[in-house]
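Architecture and fold: a report
Spelled out, the chains give:
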Amino acid sequence: DIGCGTGEFLELLKENGIGAFGVDVNESIVQICLKKGLDVRQGDALSYLKSLEDEYLDGVFSAHLIEHLRPADLIEFIRLCHAKLRRGSYFIAETPNPLSLSTFATWFYIDPSHVKPIHPEMMRFLLDSNGFEKIEFRFSQPWPDDRRLSLLETSSVTDSATVRLLEKVNENFARLNDLLLGCQDYAVIARKM
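The structure presented is a predicted model; accordingly, all values stated were derived computationally and were not measured.

What counts, and where the lines are drawn
All residue numbers refer to position in the chain's written sequence, counted from 1. Two thresholds apply to this predicted model, a pLDDT of at least 70 for residue-level local features and 80 or more for giving and counting side-chain atom pairs, whereas whole-chain, interface and lining totals are computed over all residues. Side-chain metrics rest on all non-hydrogen atoms present in the structure, leaving aside hydrogens and water. Segments assigned H or I by DSSP are reported as helices when at least four residues long, segments assigned E as strands when at least two residues long, and all are numbered from the N terminus. Helix span, expected: 1.5 Å multiplied by one less than the number of residues in the helix. Using a 1.4 Å probe on the protein chains alone, a residue whose accessible area is under 20% of its type maximum counts as buried, one over 50% counts as exposed, and one in between counts as partly exposed. The directions considered for the arc run from the helix axis to the C-beta atoms. Polar contact is defined as a pair of N or O atoms within 3.5 Å, subject to the rule that within protein one atom must be able to donate a hydrogen and the other to accept it, and that residues adjacent in sequence are counted only when both atoms are side-chain atoms. At least two DSSP bridges between two strands are needed for those strands to be called paired. The handedness rule is simple: strands pointing away from the viewer, and a clockwise path from the first strand over the helix to the second, make the crossover right-handed. Only the stretch in contact is used when a helix axis is fitted, and all axes are lines through C-alpha atoms; the angle between N-to-C directions ranges over 0 to 180 degrees. Working rule for angles: under 35 degrees goes down as roughly parallel, over 145 as roughly antiparallel, 65 to 115 as roughly perpendicular, anything else as oblique. In this scheme the handedness of a crossing depends on how the near helix is turned from the far one: anticlockwise by less than a right angle means left-handed, clockwise means right-handed. Contacts between residues were defined by any pair of non-hydrogen atoms, one from each residue, lying within 4.5 Å. Charged means Asp, Glu, Lys or Arg here, nonpolar means Ala, Val, Leu, Ile, Met, Phe, Trp, Tyr, Cys or Pro, and polar covers whatever is left, Gly included. Note on aromatic pairs: the rings of Phe, Tyr and Trp (six-membered ring only in Trp) are paired at centre separations within 6.5 Å, and the planes decide the class, stacked below 30 degrees, edge-to-face beyond 60, tilted for the rest. As a reminder, the over-ring test applies to NZ of lysine and CZ of arginine, requiring each to be within 6 Å of the ring centre and within 35 degrees of the ring normal. Put simply, a nonpolar core is a bunch of buried Ala, Val, Leu, Ile, Met, Phe, Trp, Tyr and Cys residues held in one set by side-chain atoms that sit within 4.5 Å of each other.

Glancing now at helix 7 (residues 160-181). Its 22 residues place the ends of helix 7 30 Å apart at the C-alpha level, agreeing with the 32 Å of an ideal helix rising 1.5 Å per residue. Residues of helix 7 that are buried include every one of Val-163, Leu-166, Asn-170, Asn-177 and Leu-181, and no others. In an axial view of helix 7, the angular spread of the buried residues amounts to 65 degrees, which keeps them on one side of the axis. For helix 7, the exposed residues set more than 90 degrees away from the buried face come down to Arg-164, Leu-165 and Arg-175.

One can find Glu-153 in the loop between strand 5 (132-140) and helix 7. Between the C-alpha atom of Glu-153 and that of Asn-170, which follows or precedes it by 17 residues, the distance is 9.1 Å. A distance of 2.2 Å separates the side chain of Glu-153 from the side chain of Ser-155, its partner in a polar contact.

Note: strand 3 (residues 57-63) against strand 4 (residues 85-96), six bridges, orientation parallel. The partner of Ala-63 across the bridge, within strand 4, is Glu-94. Viewed along the sheet, the connection from strand 3 through helix 4 (residues 71-84) into strand 4 turns out right-handed.

Looking now at the packing of helix 4 against helix 6 (residues 120-129). Two elements in contact, helix 4 and helix 6, have axes separated by 9 Å at closest approach and are oriented at 45 degrees. It follows from the interaxial angle that helix 4 and helix 6 lie oblique. When you trace helix 4 past helix 6, the crossing you get is right-handed. Between helix 4 and helix 6, the residues in contact are Leu-74, Ile-75 and Ile-78 and Met-123, Leu-126 and Leu-127, respectively. Here the residues of the contact of helix 4 with helix 6 are counted per class, giving six nonpolar, no polar and no charged.

A word on the packing of aromatic side chains. Here the distance between the centres and the angle between the planes together describe a pair of aromatic rings. Scanning the model with the defined rule gives nine aromatic pairs in all. Summarising the aromatic geometry, the rings of Phe-108 and Tyr-109 are spaced 4.9 Å apart at their centres and angled 80 degrees between planes, so their arrangement reads as edge-to-face. An aromatic cluster of at least three residues, connected via ring pairs, comprises Phe-77, Phe-91 and Phe-132. Seen from the ring of Phe-21, Arg-41 lies directly overhead, with NZ or CZ sitting 3.9 Å from the centre.

A separate point is the environment of Gly-19. Inspection of the secondary structure puts Gly-19 in the loop between helix 1 (8-15) and strand 1 (22-24). Sequence separation of Gly-19 and Asn-130 is 111 residues, and the distance between their C-alpha atoms is 27 Å.

Membership of the largest hydrophobic core comes to 31 residues, with the highest contact counts inside it found for Phe-77, Phe-91, Met-123, Leu-127 and Val-188. When contributions to this core are tallied by element, the ones reaching two or more residues are helix 3 (45-51), strand 3, helix 4, strand 4, helix 6, strand 5 and strand 6 (185-192). It is helix 4 that provides the largest number of residues to this core, a total of five residues. Setting aside anything within four residues of it in sequence, one finds Val-188 in contact with Phe-91, Ile-92, Ala-93, Met-123, Leu-127, Ile-135, Glu-136 and Phe-137. Counting residues in each nonpolar core, the second largest holds six residues, with Cys-4, Val-30, Cys-33 and Leu-38 among its members.

Listed below in C-alpha cells is the structure:
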C-alpha cells in the first residue's frame, strides 16, 4: 500500500490473513500504523520503489496518491510499479473522478497538495504504454440521490407528445446528473502479464 495513510487498507488485509506492508512519507502517520501493529515503512513512493529489486512485489495498491504526483512523477511511478511487480500481479490505484464536475466544486481543490486530476483515459494510456494489460475501471462513491436532479413524473400524463417531451427532458437530466454528480472516485486495475 503506497501512500498508506493511517493503514485502513492494511488493516483490512491483515484481518483477512493477507500479508502486506505500507509506505508513507508522513512520519507521524507511520507511527500511528506501527502502534496498530502494521508493517509500514517511512519514505516517498518513488524512492522506496527504486530501492526494491525488480519483480519483488505481488501487488501495488494506492488510494488517493496519484493526484498528488507531478506528471513526470506519475509517469515514473507507473514505470517503477511495472518493473517492481511480478508477472501476473495487479496494480490498483484509486483517485478522484474528474468526469464528475462536482468533485472539483466540493472538495478536490480544497487540498492544496493535489497537483492535478487524472482522467481515466490518461491512466489507461500511461498503464498501457508501460506494459500493463487488462486495464479496467471501477467507479465508486456516487452522490446521494437527494443531491441529484429529480426526474419528471410521466405515468399520469396521457398526451403522447407531452410524454415524449418529458422523457427527453428526463434523458437530459440523467446526462446532467452523470456530468455534474457522477461517482466521486474511480479505481483503475491493471495487470502485469
